[in-house]
Amino acid sequence: MAGVAGRLGRLWCSGALSSPLQVTRFPALQLHLCGPAMRASQKDFENATNQVKLLKKDPGNEVKLKLYALYKQATEGPCNVPKPGVLDFINKAKWDAWNALGSLPKETARHNYVDLVASLSASSESSIQVTPAADRKQPGSDALVVTSQDGITTITLNRPDKKNALTTQMYHDIMLALEAAGKDDSAITVLTGNGDHYCSGNDLTNFTDIPPGGVEEKARSGAVLLRDFVDCFIDFPKPLVAVVNGPAVGISVTILGLFDIVYATDRATFHTPFSHLGQSPEGCSSYTFPKMMGPSKATEMLVFGKKLTAREACTQGLVTEVFPDSTFQKEVWVRLKAYSKLPPNAMRISKQVIRNTEKEKLHAVNAEESNILRERWLSDECMNAVVSFLSKKAKL
Ligand SMILES: CCCC/C=C/CC(=O)SCCNC(=O)CCNC(=O)[C@H](O)C(C)(C)COP(=O)(O)OP(=O)(O)OC[C@H]1O[C@@H](n2cnc3c(N)ncnc32)[C@H](O)[C@@H]1OP(=O)(O)O
């Protein structure tokens with residue numbers, strides 16, 4: 001049975017499954033509670049399927065099967081596939097759960113799915129906002145989740161098992177998400193992380209994906225990607241907020257200088273170990289850090305790799321406000337929801353007035369930093385550091 005549980009566990013990652021704990025106690029009742037006045041929209045449903053990927057706790061196999069069944073019923077209607085053989089435990093369990101829903105209408109199944117996800121989110125102490133419909137194209141992988149609610153578009157880094165390290169795909173997806181968020185009807189955009197880290201910076205395995213043009217081509221395309229990525233933050237047209245839910249490393253720290261507000265849990269740390277990695281500052285930090293904290297404090301971070309606590313980062317001006325970890329999510333989201341009700345055009349224009357004084361300079365700094373890094377990535381110092389990390393000899 002342990003094997004079955006393990007395999008069922010993998011269902012959890014499929015995106016079709018979600019969960020509410022109370023519901024599991026009265027499944028039959030719950031499945032028919034939904035009246036016509038309480039229908040969930042297709043957008044609510046799509047949002048719930050995204051939200052389920054962000055739940056912190058595994059809700060258990062019984063709930064997962066329920067979610068699977070509701071998802072299938074909502075998307076395909078009553079069970080219409082042949083019953084799997086008795087030895088095909090997993091598929092039989094899934095089939096039984098779906099078949100048990102009988103002729104439950106698609107709409108009701110959709111509503112119950114949304115309900116289940118909402119109550120599971122509430123009971124799982126998820127660090128992620130409960131978010132209904134986002135009218136947008138979702139990024140190409142689960143590593144980034146974009147949701148919208150209460151005038152706030154939230155972009156969540158979702159690779160908690162890798163401390164939210166940024167893959168090449170994620171850089172592209174974040175750029176797409178920012179482009180969409182800049183144009184949507186939300187007032188504020190938030191970047192945050194799922195799990196115990198905010199982000200561990202560039203995924204060092206990105207360096208292992210060498211194209212036919214060799215390492216020079218890799219460094220060249222990396223520099224173009226870096227420059228484009230940081231440009232999106234420089235040009236982002238509306239208030240951009242970082243909700244730093246845990247330790248932050250590398251590029252996830254440097255670009256904070258381009259955010260309008262940075263809220264951090266007191267558990268967060270801020271680390272830019274560029275010299276250790278044979279690299280050099282990016283994200284415009286060679287300009288924004290000395291400006292906000294003075295040249296010598298910036299040197300401690302960017303040259304000597306001094307790791308700051310959240311409170312130190314707040315004193316240095318990198319962080320706007322620090323919150324106790326136990327109340328971090330609650331306090332921050334209450335605050336942001338209040339801000340999001342301010343007139344959006346006024347906020348957008350005020351942000352742009354502040355940013356426009358610096359834009360040209362920031363673009364020039366970004367171009368220069370990207371060029372310098374292109375050289376650094378080809379250095380022995382950098383290659384040795386990456387090999388050392390990848391062979392598990394080094395950790396920051
Ligand atoms: C094209 C644009 C380029 C922009 C350039 C940006 C420069 C930077 O961002 S430099 C910063 C690069 N980041 C790092 O050097 C961090 C490396 N990670 C660590 O030192 C540690 O993982 C940690 C201190 C962040 C966390 O340590 P902890 O003990 O809590 O967890 P781990 O067991 O080490 O990590 C779990 C899991 O995640 C993998 N992982 C973590 N960070 C990265 C990363 N940056 N790249 C690739 N993989 C990472 C780690 O290897 C573990 O994986 P396994 O479970 O498979 O062993």
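Higher on the page you've got the structure.
How each quantity is defined
Residues numbered from 1 in each chain as written. Predicted model: local features only at pLDDT ≥ 70, side-chain atom pairs only at ≥ 80, totals over all residues. Heavy atoms only, no water. Helix = DSSP H or I, 4+ residues; strand = E, 2+ residues; numbered from the N terminus. Buried < 20%, exposed > 50% of the residue type's maximum accessible area, 1.4 Å probe, protein only. Contact = heavy atoms within 4.5 Å. Areas by Shrake-Rupley, 256 points an atom, 1.4 Å probe, with all protein chains shown as cover. Core = buried A, V, L, I, M, F, W, Y, C linked by side-chain atoms within 4.5 Å. Phe/Tyr/Trp six-rings, centres within 6.5 Å; stacked < 30°, edge-to-face > 60°. Pairing = 2+ DSSP bridges. Axes fitted to C-alpha atoms, helices over the stretch in contact; angles between N-to-C directions. Salt bridge = Lys/Arg side-chain N within 4 Å of Asp/Glu carboxyl O. Parallel < 35°, antiparallel > 145°, perpendicular 65-115°, else oblique. Left-handed = near helix turned anticlockwise from the far one by under 90°. Nonpolar A, V, L, I, M, F, W, Y, C, P; charged D, E, K, R; others polar. Expected span 1.5 Å × (residues − 1). Arc of directions from axis to C-beta.

A. Region of the structure containing the overall build of the protein chain. The secondary structure content of the protein chain amounts to 16 helices and nine strands. Of all 396 residues assigned to the protein chain, the portion counted as buried reaches 53%. Here the contacts in the protein chain between residues at least 6 apart in sequence split such that 76% fall between residues at least 24 apart. About 18200 Å² of surface is accessible on the protein chain, with carbon and sulfur atoms providing 57% of the total.

B. Structural view of the nonpolar core. Counting 60 residues, the largest nonpolar core has Phe-233, Val-244, Phe-259 and Phe-270 as its most contacted members. The greatest single-element share of this core, amounting to eight residues, is contributed by helix α8 (residues 214-235). Those residues in contact with Val-244 that sit more than four places away from it in its chain are Tyr-198, Leu-256, Val-262, Tyr-263, Ala-264, Thr-265, Ala-268, Phe-270 and Phe-328. Counting 24 residues, the second largest nonpolar core, distinct from the first, contains Val-52, Leu-67, Ala-109 and Val-114.

C. Quick peek at the packing of aromatic side chains. Applying the stated criterion across every chain yields a total of nine aromatic pairs. When the ring of Tyr-171 is compared with that of Phe-229, the centres are 4.9 Å apart and the planes differ by 90°; the resulting orientation is edge-to-face. Of the two residues, Tyr-171 sits in helix α7 (residues 168-183) while Phe-229 sits in helix α8, which places them 58 residues apart along the sequence. For the pair formed by Tyr-171 and Phe-229, the shared burial category is buried. Pairing Phe-233 with Phe-259 gives two aromatic rings, centres 5.6 Å apart and planes at 40°, and the pair type is tilted. Remark: Phe-259 occurs in the loop between α9 (251-254) and β6 (261-265) and Phe-233 occurs in helix α8; sequence separation between them is 26 residues. Each member of the pair, Phe-233 as well as Phe-259, is classed as buried. Through pairs of rings, three or more aromatic residues link up here, namely Tyr-171, Phe-229, Phe-233 and Phe-259.

D. Local environment of the sheet that holds strand β9 (residues 321-323). Within the open sheet, the six strands sit side by side as β1-β2-β3-β4-β6-β9. Their pairing is mixed. With one partner strand each, in any of the chains shown, β1 (144-149) and β9 form the two edges of the open sheet. Between one strand axis and the next, the sheet turns by 20° as a mean value, whatever way the strands run. Summarising the sheet, β6 and β9 pair through three bridges and their orientation is parallel. Residue pairing for β9: Ala-264 is matched across the bridge by Val-322.

E. Representation of the environment of Gly-193 within the structure. Note that Gly-193 resides in strand β3 (residues 188-193). Gly-193 sits 50 residues away from Val-243 along the chain, and the two C-alpha atoms are 7.8 Å apart.

F. Structural context of the pattern of salt bridges. The final tally for this structure, using the stated rule, is 15 salt bridges. Glu-217 is the salt-bridge partner of Arg-220, the closest N and O atoms lying 3.0 Å from each other. Here the residue Arg-220 and the residue Glu-217 both occupy positions in helix α8, the gap between them amounting to three residues, near one helical turn. Under the relative-accessibility criterion, Arg-220 is labelled partly exposed at 35%. In this structure, Glu-300 engages Lys-297 in a salt bridge whose closest nitrogen and oxygen atoms are separated by 3.9 Å.

G. Spatial organisation of the sheet that holds strand β8 (residues 308-309). Ordered by their spatial adjacency, three strands build an open sheet running β5-β7-β8, and the pairing between neighbours is mixed. The outermost strands of the open sheet, each flanked by one partner alone, are β5 (248-249) and β8.

H. Quick look at unusual backbone geometry. Non-glycine residue Asp-150 carries a positive phi angle of around 55°. Tracing the sequence through the fold places Asp-150 in the loop between β1 and β2 (152-157). Taking relative accessible area as the criterion, Asp-150 reaches 38% and is therefore assigned partly exposed. The phi dihedral of Lys-163 is positive, around 55°, even though this residue is not glycine. If you trace the backbone, Lys-163 turns up in the loop between β2 and α7. The class for Lys-163 is partly exposed, based on a relative accessible area of 31%.

I. Spotlight on the packing of α8 against helix α15 (residues 359-377). In the contact formed by α8 and α15, the axes pass within 9 Å of each other and the chain directions differ by 155°. As the angle between them shows, α8 and α15 are arranged roughly antiparallel. Here α8 runs over α15; the crossing is right-handed. Contacts between α8 and α15 involve Ala-219, Arg-220, Gly-222, Ala-223, Leu-226, Arg-227, Val-230, Asp-231, Ile-234 and Asp-235 from the first element and Lys-359, Leu-362, His-363, Asn-366, Ala-367, Ser-370, Leu-373, Arg-374 and Trp-377 from the second. Taken together, the residues that form the contact of α8 with α15 break down as nine nonpolar, four polar and six charged.

J. View of helix α14 (residues 344-356). For α14, built from 13 residues, the straight-helix expectation of 18 Å at 1.5 Å per residue is met to within 8% by its first-to-last C-alpha distance of 18 Å. Burial in α14 covers these residues: Met-347, Lys-351 and Arg-355. End-on, the buried residues of α14 take up no more than an arc of 65°, which puts them together on one face. Turned more than 90 degrees from where α14 packs its buried face, Asn-345, Ile-349 and Val-353 sit exposed. Tucked inside the fold, the buried residues of α14 contact β3, α8, β4 (240-244), α13 (328-340) and α15.

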